[in-house]
Each structure stands twice: as structure tokens, then as C-alpha cells.
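Now for the letters of each chain:
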Amino acid sequence: MSATVLVAPPAVSGSVTVRSAEATQDSTNLGRLKKLRWWSETAQPGDVYPYEHFLPFFDQNLHLPPLTPFKHFDPGHEALKHADPLAFLRDADVDELTPDFGSEVSGIQLHQLDAVGRQQLALYVARRGVVAFRDQDFADQDQNWMIQDWCRFFGRPHIHPCSGAPKGHPEFHLVYRDAKAVFNYEVDTRLTSTVWHSDVTYEEQPPGLTLLFLFDSPASGGDTAYADQRGSYNHLSANFRAYLETLSAVHSGVEQAEFSRSGKRGGIVKREPVETVHPIVRRHPVTGEKALFVNRQFTRHIVGLKDEESKAILELLYTHIERGTDFQVRLRHRPRTVIAWDNRVTAHSAIIDFAKGGSRRHGARITPQAERPSL
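Basis of the calculations
Residues numbered from 1 in each chain as written. Predicted model: local features only at pLDDT ≥ 70, side-chain atom pairs only at ≥ 80, totals over all residues. Heavy atoms only, no water. UniProt positions renumbered as here; feature names shortened; annotations may be inferred. Pairing = 2+ DSSP bridges. Helix = DSSP H or I, 4+ residues; strand = E, 2+ residues; numbered from the N terminus. Right-handed = clockwise from strand over helix to strand, strands pointing away. Expected span 1.5 Å × (residues − 1). Buried < 20%, exposed > 50% of the residue type's maximum accessible area, 1.4 Å probe, protein only. Polar contact = N/O pair within 3.5 Å; in protein donor to acceptor, adjacent residues only side chain to side chain. Contact = heavy atoms within 4.5 Å. Phe/Tyr/Trp six-rings, centres within 6.5 Å; stacked < 30°, edge-to-face > 60°. Lys NZ or Arg CZ within 6 Å of the ring centre and 35° of its normal. Axes fitted to C-alpha atoms, helices over the stretch in contact; angles between N-to-C directions. Patch = residues over 30% accessible without salt bridge, like charges linked within 9 Å, V, L, I, M, F, W, Y side chains within 5 Å. Areas by Shrake-Rupley, 256 points an atom, 1.4 Å probe, with all protein chains shown as cover. Salt bridge = Lys/Arg side-chain N within 4 Å of Asp/Glu carboxyl O. Lys, Arg positive; Asp, Glu negative; His and termini not counted. Charge placed at Lys NZ, Arg CZ, Asp CG, Glu CD. Core = buried A, V, L, I, M, F, W, Y, C linked by side-chain atoms within 4.5 Å.

The name an unreviewed UniProt entry assigns to the protein is TauD/TfdA-like domain-containing protein, from the organism Rhodotorula mucilaginosa. UniProt, in its Sequence similarities (unreviewed entry) section for the protein, records the words "Belongs to the TfdA dioxygenase family."

Of the strand pairs in this sheet, strand β3 (residues 93–96) and strand β4 (residues 103–106) are connected by four bridges, and their pairing is antiparallel. Note that in β4 the partner of V94 across the bridge is V105. Counting the residues that bridge the hairpin from β3 to β4 gives six residues, and of these G102 lies at a positive phi of roughly 85°. Of the pairings in the sheet, the one linking β4 to strand β5 (residues 130–133) comprises three bridges and is parallel in character. Its bridge partner lying in β5, E104 is registered against A132. One crossover worth recording links β4 to the parallel β5 by way of helix α4 (residues 115–128), and it is right-handed.

With 14 residues, α4 extends 20 Å from end C-alpha to end C-alpha; this agrees with the ideal 20 Å at 1.5 Å per step. α4 sits mainly inside the fold: 11 of its 14 residues count as buried. Of the positions making up α4, those classed as buried are G117, R118, Q119, Q120, L121, A122, L123, Y124, V125, A126 and R128. Following α4 by one or two positions, G129 adopts a phi angle in the positive range, close to 85°.

With respect to the helices and strands, Q119 occurs in helix α4. Look at Q119 and you get buried, because its relative accessible area is 14%. Within polar-contact distance, the side chain of Q119 engages the side chain of H82 at 3.1 Å. Once residues lying within four places of it in the same chain are set aside, the contact partners of Q119 are P75, G76, E78, A79, H82 and F153.

This part takes up the environment of F88. As for its position among the elements, F88 is in the loop between α3 (76–79) and β3. Along the chain, F88 and D114 lie 26 residues apart, while their C-alpha atoms are 9.5 Å from each other.

On to the packing of aromatic side chains, then. The final tally for this structure, using the stated rule, is 15 aromatic pairs. Grouped by ring-pair contacts, the aromatic residues W39, Y49, Y51, F54, F138, W145, W150, F153, F154, F172, F213 and F215 constitute a single cluster. When the ring centre of F293 is taken as reference, the NZ or CZ atom of R282 above it lies at 4.7 Å.

Right, let's talk about the sheet that holds strand β7 (residues 173–177) for a bit. Sheet strands line up and pair through hydrogen bonds in the backbone, either parallel or antiparallel. Within the open sheet, the seven strands sit side by side as β3-β4-β5-β16-β8-β18-β7. Their pairing is mixed. Taken across any chain shown, the strands that pair with only one partner, and hence form the sheet edges, are β3 and β7. Taking each pair of neighbouring strands and ignoring which way they run, the sheet shows an average axis angle of 20°. Each of β3, β4, β5, β8 (209–216) and β16 (338–342) is contacted by α4, which is oriented at about 120° to β5, the strand it contacts most.

As for its position among the elements, S310 is in helix α9 (residues 307–323). Residue S310 is classed as buried on the basis of its relative accessible area of 3%. Here S310 is in contact with H301, I302 and L305, once residues within four sequence places are set aside.

This part is about the sheet that holds strand β15 (residues 328–331). Strand order in the open sheet made by the three strands is β15-β9-β17, with antiparallel pairing throughout. Lying at the two open borders of the sheet, with one neighbouring strand each, are β15 and β17 (346–350). Between one strand axis and the next, the sheet turns by 20° as a mean value, whatever way the strands run.

The terminal C-alpha atoms of helix α5 (residues 143–154) lie 16 Å apart, and with 12 residues this matches the ideal 16 Å at 1.5 Å per residue to within 8%. For α5, the set of buried residues is Q143, W145, M146, I147, W150, C151 and F154. On the buried face of α5, the contacting elements are α4, β6 (156–157), β8, β18 (361–366) and β19 (368–369). Where α5 begins, the capping side chain belongs to D142, and its oxygen is found 3.0 Å from the backbone nitrogen of N144. Downstream of α5 by a residue or two, G155 has a phi angle that is positive, lying close to 160°.

What follows is about a negative patch on the surface. Taken together, the side chains of D93, D95, E96 and D100 define an acidic patch exposed on the protein surface. Relative to the helices and strands, D95 is located in strand β3.

Next up on the list: the pairing of strand β9 (residues 224–228). β9 sits mainly inside the fold: five of its five residues count as buried. Residue alternation in β9 divides its side chains into two sets, T224, Y226 and D228 and A225 and A227, and both sets are buried.

Okay, the nonpolar core next. In this structure, L121, F133, F138, W150, F213 and I366 are the most contacted members of the largest nonpolar core, which totals 35 residues. For this core, the secondary-structure elements that each account for two or more residues are α4, β5, α5, β8, β16 and β18. The residues touching W150, leaving out its near neighbours within four places in the chain, are L110, R118, L121, F138, W145, L211 and I366. One finds V281, L292, L317 and Y318 within the second-largest nonpolar core, a separate group that totals 20 residues.

Okay, structure coming up:
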């Protein structure tokens, strides 16, 4: 059974010369786009969920050693050598959500991209920050292909230290919430569900180009918000930017691990947590653009500053990122959508505005690690 259903208008015979008002309306409907619906919107009693093989599994026996450094080469570098670095979009329909940040693309299939197309994809996502690719069949591809072919092209597959994964495929990071269970890193003690972050920044080599695709979702809600960390950097004064470029901060995975150890989210820690020092401003290795690299979820304090000084600067930056609607977009997870973003120059937050309805939100993230952040 397909995970989505096409809802098509009724057919109209082309042999009728004189049309009734009803026939005219039907003819008009033919020009409308077919609407894709989530599986849960169309499922009947007794239907088997087609993505059960992607449900979270928590392997109590999986204990991973610390990550080791590796040399990363971003495929976007190769795209800079191409005569037309955006050739993979030649037959696509592209909608830029803002002048500098965020796009929606339809008319291409990600899983069909060859090496050249993937190189150009890496460059395009680095430049636009986040891109939603609509009407994709990516979620129906083989799990081994997703990791060993797709993910490894962009970097070393990251195994999340705490989250659930499909049984036998720990490289996937799964997001899951329904009326009975929450397997996400969430708390309900704040006024809002939004927690702006870049993924696993506590790692020595955090992710680069990252994919997220949902298998099932509420009919509305459950969007993801994205912030351009280049935009947040560029909106600061020149003098303050210059000072921030002299600073580094500690990023920690300890609180996330303790959250799991307490029995939440599945209750496992597959790899012991680490703390890593990264520059507060980093430079993208392909585009050369500078971006803020702090986030409320994982950044803990600024090296070399007094506690009050560190807290004041970090709180200013967090608030700036969170309030900067002029460098943010909100993307809707429509059925058969794959969202690609560059974790090096963006922050994001899930929006848990659907929780009271008890709907299921189930998706997978593919997370290739990239280089160690530097300026």
C-alpha cells in the first residue's frame, strides 16, 4: 500500500460540445493539482501501516565506541568546477521562499541524481540553506541504499547516541510522536515547544547536508522552522561580529544523554556523551560564508569568559536567532516531501502544535558528518 493517496477530480468526456454548468466545473477541476494526503488521513480499519519497518527500535545491547576524526571533502567543491553548477535544476520548478534563504523545488527526483547532480545539490543547499523537494519517492527506497549510497556520498553516516532507529539500521535518526508515545528530545516545562538548534553540535565533526522526510504526519501542523545563521551573523554590527570571531564555546551532549538515561525517549545511551569546543562563528568550506554557530539546546558557555559575561552574550545571540523573522522560513511537511538543509549554516526547530490532537508524526533523518567547524 502506498503511503500517500492521490485524490483526483472526476473524469470528463471530451466529446461533449455543449457543457452544463456542472461539466464546466469538472473541466476546471481537471486543471487543479492533485492533492497528496498522509497515510493516516486515508487509512481504513485493518490497514497495515506501510512504514512499520521504520518505527523506532531501541537496542539495549548497542554500545558504541567514541567517534574518531576523519578527513571530510565536501562534494560541493566539485560543483564549483562545473560550467553550470545548477544544471540539475534545469527541468525543475523552483520557488525561492525569501531572496537569500529557503527554496521549494519540484520536477526532479533526488534518488535519481548521479554524482554530478549530487555535487550540485550540495552546493545549492549550501547556498540556499534549506530546500524542500516536493513529490519525491525517496522514502520508498531501500534502507541500505539510503545509508551506504546516498548518505556516504555526503559524509560519514552519524549514529545518534540516544534516539530510536529502524531495527538493524542504527544510522537513521527517527522522530516519532503519537497520542501514546513521544520518542523525541522534548520537554513541556516551557511556554513554547520551539527549541532552535543545529543537530548534534557537540560532536567534533557535526553534520553538513542533512535530509528529513516524514512517513506520516497530522493533516496540519508539525512544520519545521529554519533560521539562516549567515543572516543572523550578518545582522549584527561589524564591531560585535569581529569580537565574536575571537570566541569559542563549549557544546555538550551530556544533558541529552541524561534525558535518555532517566527513562525518556526510549531510555538508552548508545555512545557516551561528549563536550567539544567550537568557534562561535564558522565559515562554510565551499561558499566561504560566515555563520553563527551557537544554539540554545547544546551550547553551554563561552570559553574564557566569566559566567555572567558568557550568559549575557549567549542569551543575546539565542534571542536574536529566535526573533529574526527576516532570516527565517517555516516549511510544511507535505506528503512525499524531502527537506534538505545545511546544518553548518542553519538552525531549526520542530513545531509541536499538533500534540493535543494525538496525531502521529513519524519521520527519518539522514545525517552525514562533515568537517570540524573552523573560521
